[in-house]
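Take a look at the letters that make up each chain.
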Amino acid sequence: MSSSTPSHSPAFLSRRNLLRAGGGLGLAAVGLGLGTGAASAAVPASSRFDLTEPSYDLFRGKTLHDSTVQQGFVFDNVNRRLFVVQRRDGSSETAGDLCVTQLDFDGNQVGYMHLAGFGHGVSIGAQAVGTSTYLWTETDTSGSGYGTRLARFRFTSGTTLTNTSSALTKYTPVAGATSYTCATDPVNNRLIVRYLLDGDRYISVHSLSAAAAGDFGNPLARFVMPTLDTASSVFQGYTAYGQYLYVLTGTSYEANGNIVDSEVTAIDLNTGKVAQGPVLTKAGSTLTFREPEGLAIYQTAAGEVRLFLGFASGEAGDRRSNLFYKNALV
């Protein structure tokens, strides 16, 4: 169903890997090494977004600080902030240099931060600490351009942070794992970690406060990503709300000959099995270029929980950010 556009008054203020089976404290934090056995699944039951219901516009066609395609995005649900991450202008695909743009909920630029040698930016997390926002990202990019550890740091507009900065707290959640990314469930204060270990892609779920303290030894859930029957194998983002993980896949129009293959899948965190989908999304179907890029959760001041879907649009050298959301729970 095509996206529609309800009013978003101030009340609102309230990749790429094949899907397969298989402030800064200045201190390095290392998680407890987990074996390959599945951890006990103990995520409390919750409602799930109905992915067949309509999507609605937040904004379309907004510029970011740099002109490249957006990758991931995240909300600070406490301080009502939005951050979008992209590859830095002029940087190679493998350098891991990122730009984080802070936007208001009308899509206007509020600030930016540059990150040097961090990773690809397919997904990021946010954690409110008083009036500050601490971002969670991958860091210490490998030759492939993806991060080999996680990092947490305070967003400070107008600054550049290198991956060797003392402003970072770094984490190695699982011994021997690599290609880390993360997302946050801001409603339930959880960190979701995606990583590669022994050839398999894993998901693990952690208390956000425990993770910030470097404790990854007691995940609420841990499983190998299931094989998804999606039209495209291009992984474009993930997030979680309560008991369910949501995964976005698909390619741009230019890459697939105008065949719409942008799909969202819901996975039960307690079983590691698909709960719904893949479901084709036509949010922003009239966009030019239209590449799916990122998922995130936000809860309004009135208590409505929203699953946000991100899309890049526009011409090369003038890419734009577009955000849509679903709000029907079952």
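Every value quoted in this text rests on a predicted model; they were computed, and no experiment measured them.

K.L.:
Help me out: how do you make sense of the side chain of N322 in this one?
P.N.:
In this structure, N322 sits in strand β22 (residues 318-326). Within the structure, N322 has its side chain in polar contact with the backbone nitrogen of G61 (distance 2.7 Å).

K.L.:
Which parts of the structure should I look at to understand the packing of aromatic side chains?
P.N.:
The relative placement of two aromatic rings is captured by the distance of their centres and the angle of their planes. Tallied over the full model, the rule gives 17 aromatic pairs. Aromatic side chains F73 and F75 sit 6.3 Å apart centroid to centroid with 85° between the ring planes, which places their arrangement in the edge-to-face category. Judged by its relative accessible area of 1%, F73 is buried. Among the residues examined, F75 registers a relative accessible area of 1% and is labelled buried.

K.L.:
For this particular structure, what's the right way to read the sheet that holds strand β12 (residues 178-185)?
P.N.:
Remark on secondary structure: sheet strands pair via backbone hydrogen bonds, oriented parallel or antiparallel. Strand order in the open sheet formed by 4 strands is β12-β13-β14-β15, with antiparallel pairing between adjacent strands. Strands at the two margins of the open sheet, each flanked by one partner only, are β12 and β15 (221-224). Averaged over all neighbouring strand pairs, the angle between strand axes comes to 15°, with direction disregarded.

K.L.:
I keep staring at the sheet that holds strand β5 (residues 98-103) and nothing clicks. Help me out?
P.N.:
Pairing is mixed across the open sheet formed by 5 strands, whose spatial order is β3-β4-β5-β6-β10. Taken across any chain shown, the strands that pair with only one partner, and hence form the sheet edges, are β3 (70-76) and β10 (159-162). The mean inter-strand angle of the sheet, taken between neighbouring strand axes irrespective of direction, is 20°. One ladder, built from 6 bridges, connects strand β4 (residues 81-87) with β5; its direction is antiparallel. Note on β5: the bridge partner recorded for V85 is V100.

K.L.:
What is the right way to look at the pairing of strand β7 (residues 125-129) in this model?
P.N.:
The side chains of a regular strand alternate between the sheet's two faces. Alignment of β7 against strand β8 (residues 132-141), held across 5 bridges, turns out to be antiparallel. Directly across from A128, in β8, lies its bridge partner T133. Hairpin remark: β7 followed by β8, antiparallel, with 2 residues in the connecting loop; positive phi at G130, about 65°.

K.L.:
Just to check I follow, could you spell out the confidence of the model for the protein chain for this structure?
P.N.:
Low-pLDDT stretches of the model should not have their predicted coordinates read in fine detail. Of all residues in the protein chain, 86% attain a pLDDT of 70 or more, and the chain-wide mean is 89. Here residues 1-39 scores under 50 on pLDDT; set against residues more than four positions off or in separate chains, the count is 135 contacts.

K.L.:
Would you mind going over the environment of T156 with me for this structure?
P.N.:
Structurally, T156 is set in the loop between β9 (147-154) and β10. Its relative accessible area of 27% is what places T156 among the partly exposed residues. Through-space distance from the C-alpha of T156 to that of Y112 is 7.9 Å; in sequence the pair is 44 residues apart.

What counts, and at which threshold
- Residues numbered from 1 in each chain as written.
- Predicted model: local features only at pLDDT ≥ 70, side-chain atom pairs only at ≥ 80, totals over all residues.
- Heavy atoms only, no water.
- Helix = DSSP H or I, 4+ residues; strand = E, 2+ residues; numbered from the N terminus.
- Polar contact = N/O pair within 3.5 Å; in protein donor to acceptor, adjacent residues only side chain to side chain.
- Phe/Tyr/Trp six-rings, centres within 6.5 Å; stacked < 30°, edge-to-face > 60°.
- Buried < 20%, exposed > 50% of the residue type's maximum accessible area, 1.4 Å probe, protein only.
- Pairing = 2+ DSSP bridges.
- Axes fitted to C-alpha atoms, helices over the stretch in contact; angles between N-to-C directions.
- pLDDT = per-residue confidence, 0-100.
- Contact = heavy atoms within 4.5 Å.

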